[in-house]
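Residue-level structure breakdown
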Amino acid sequence: MSAMTAMGALAVRSVLLLAALLPPVLPSAARAGEVEVLHFWASGGEAQAVAQLKATLRANGHTWKDFAIADGGGGLAVVMLDSRVRSGNPPTAAQIKGVAIQEWARTGKLSGIEDVASAERWNAVLPRLVSDTMKYRGHYVAAPLNVHRVNWLWINAAVLRKAGAKVPATWDEFFAAAEAIRRAGITPVAYGGQSWLDMGTFESVAIGVGGVDFYKKAFLELDRAALGSPAMEKTLQTYRRLKSYTDQRNMGRDWVAATAMLNRGAAGMLIMGDWAKAEMLAAGKRPGTDILCTPTPGSREVFSFDIDSIVLFDVAADKKAAQRDLARAVMGRDFQQAFNLAKGSIPARLDVPLDRFDACARRARQDFQHSARRGTLLPSVAHGMAHPAHTVAPLWDVVQQFWNQDRMTPREAMARLVAAAGQKPAAAR
Ligand code: GAL
């Protein structure tokens, strides 16, 4: 199927889903209001997912004002948001996630949504980890849209067959598969070279090479001994080795372009969170069949997560009804199904059945639940789930420099990581 036909099919699917979401009676015009939502879902597939939210709000009689910042990972979006709030003109809502939720709540600029959450029994339908992330001092200040798994390895099935390789479970097997793909004349690994992508890949390598306790010590506690340990050295060596299987023109490449390489078979493998599925679907590829999914090498027992959510800002009284409808809509069961089918993630609500989802999503939910029991649900540093951006920015820089500068040795990088951890503000320790 061509990309255009696939987009067409996706659009038809969206319209059908939308029809199912429309409420039987439109609410009175008195409740109608404008919602302006800042987000960074700008790629073709992501836009399909946001269209679900827009449609749900419009069906409730509200108008949607898009405040989209095309910037995967959302760094620029945060800067724009900051300046809007500082100038006393916040949007109705913004795509804010992870520990940034707490940071925004502390400024006193958010509008709490505990009333909506308790009326709709959010505590009963969300996993504890998700509801805790949405709360400030025990009260909801954010609404979750989904759970993304970060530690995924995607493999183009046709390329794998051509190379005669098998799906790798360990790093040794990964490099064996990469060799075979190279021998078949294809770039083994598609790589997006932006700093949040470097960090995302690096943390997945660290989990697989050093294990869960190492990841917790080095990345969550920012423990200097762990950052300077043999496990870190091995992580850096493995990350450098990975580079030798990329096409070397990856600096600055975004995740959409990297996913496109995998989709069209210009590369065999890709390490990326499951938002990549939105682009696979848009290109007419079936995740789980045309593009295989498996946990990144050595991370079968782990689920590293990235939870998307929206926070609501304190806005004028005439905008409050629309704002609360937005919070309700985000947590609606039908909405969570439609949104996540398009987005590639799994619904945050546990009571949304996955029968219409692909095998990768079903595996994600199963692994999420197993990991929750085992204590191996790991917050992704690259996605702001563990530390505020300013705390880890120096570490991100080291990882990016190490990727881009082949002269930097793993030992030098380790010394810099240890120093970078020392730069973090005392309050964050
Ligand atoms: C992540 C976000 C995902 C996805 C991805 C690429 O940070 O949580 O929803 O959009 O960036 O834009």
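As recorded in an unreviewed UniProt entry, the chain goes by Probable sugar-binding periplasmic protein and comes from Pseudoduganella lutea. Recorded under Function (unreviewed entry), the UniProt text for the chain is reproduced unchanged: "Part of a binding-protein-dependent transport system for a sugar." On record in UniProt, under Sequence similarities (unreviewed entry), the comment for the chain is "Belongs to the bacterial solute-binding protein 1 family."

Describing the state of the cysteines
Overall, the coordinates contain one disulfide when judged by the stated rule. A sulfur-sulfur distance of 2.2 Å marks the disulfide that ties Cys293 to Cys360. Classification of the bridge connecting Cys293 and Cys360 rests on its S-S torsion, roughly -105 degrees, and on that basis the disulfide is left-handed. You can see Cys293 sitting in strand S11 (residues 291-295) and its partner Cys360 sitting in helix H18 (residues 359-374), a full 67 residues away along the chain. With a relative accessible area of 18%, Cys293 lands in the buried category.

Section: the packing of helix H19 (residues 389-404) against helix H20 (residues 410-422)
Relative orientation of the contacting elements H19 and H20 amounts to 170 degrees, with a least axis distance of 9 Å. By the angle between their directions, the pair H19 and H20 is classed as roughly antiparallel. Along this stretch, H19 crosses H20, giving a crossing that reads as right-handed. For the pair H19 and H20, the contacting residues are Pro394, Leu395, Val398, Val399, Gln401 and Phe402 in the first and Pro410, Ala413, Arg416, Leu417 and Ala420 in the second. In terms of residue class, the contact of H19 with H20 is made up of nine nonpolar, one polar and one charged.

Here's the deal with the sheet that holds strand S15 (residues 377-379)
The strand order S14-S7-S12-S15 describes an open sheet built from four strands, whose pairing is mixed. Where the open sheet ends on each side, the last strands, each with one partner, are strand S14 (346-347) and S15. As defined by bridge partners, strand S7 (residues 146-149) adjoins S14 across two bridges and the pair is classed as antiparallel. Its bridge partner lying in S14, Val147 is registered against Ile346. Along the sheet face, helix H17 (residues 333-343) touches S7 and S14 and points at about 25 degrees away from the line of S7.

Considering the sheet that holds strand S3 (residues 93-95)
The five strands lie next to each other as S2-S1-S3-S13-S6, forming an open sheet whose pairing is mixed. One side of each edge strand has no neighbouring strand; the edge strands of this open sheet are strand S2 (63-68) and strand S6 (142-144). When the angles between neighbouring strand axes are averaged without regard to direction, this sheet yields 25 degrees.

Quick word on the site of the ligand
Residues in contact with the ligand amount to 14 residues; listed here are only the nearest, Glu46, Lys97, Asp306, Asp308 and Lys343. One of the side-chain N or O atoms of Trp41 is found 3.1 Å from an oxygen atom in the ligand. Between His148 and the ligand, the recorded distance is 3.3 Å, taken from a side-chain N or O atom to an oxygen atom. Burial of the ligand by the protein amounts to 100% of the accessible area it has alone, namely 300 Å². Its residues assigned to classes, the shell around the ligand comprises five nonpolar, four polar and five charged.

Rules used throughout
- Residues numbered from 1 in each chain as written.
- Predicted model: local features only at pLDDT ≥ 70, side-chain atom pairs only at ≥ 80, totals over all residues.
- Heavy atoms only, no water.
- UniProt positions renumbered as here; feature names shortened; annotations may be inferred.
- Disulfide = S-S within 2.5 Å.
- Helix = DSSP H or I, 4+ residues; strand = E, 2+ residues; numbered from the N terminus.
- Buried < 20%, exposed > 50% of the residue type's maximum accessible area, 1.4 Å probe, protein only.
- Axes fitted to C-alpha atoms, helices over the stretch in contact; angles between N-to-C directions.
- Parallel < 35°, antiparallel > 145°, perpendicular 65-115°, else oblique.
- Left-handed = near helix turned anticlockwise from the far one by under 90°.
- Contact = heavy atoms within 4.5 Å.
- Nonpolar A, V, L, I, M, F, W, Y, C, P; charged D, E, K, R; others polar.
- Pairing = 2+ DSSP bridges.
- Near = heavy atom within 4 Å.
- Polar contact = N/O pair within 3.5 Å; in protein donor to acceptor, adjacent residues only side chain to side chain.
- Areas by Shrake-Rupley, 256 points an atom, 1.4 Å probe, with all protein chains shown as cover.

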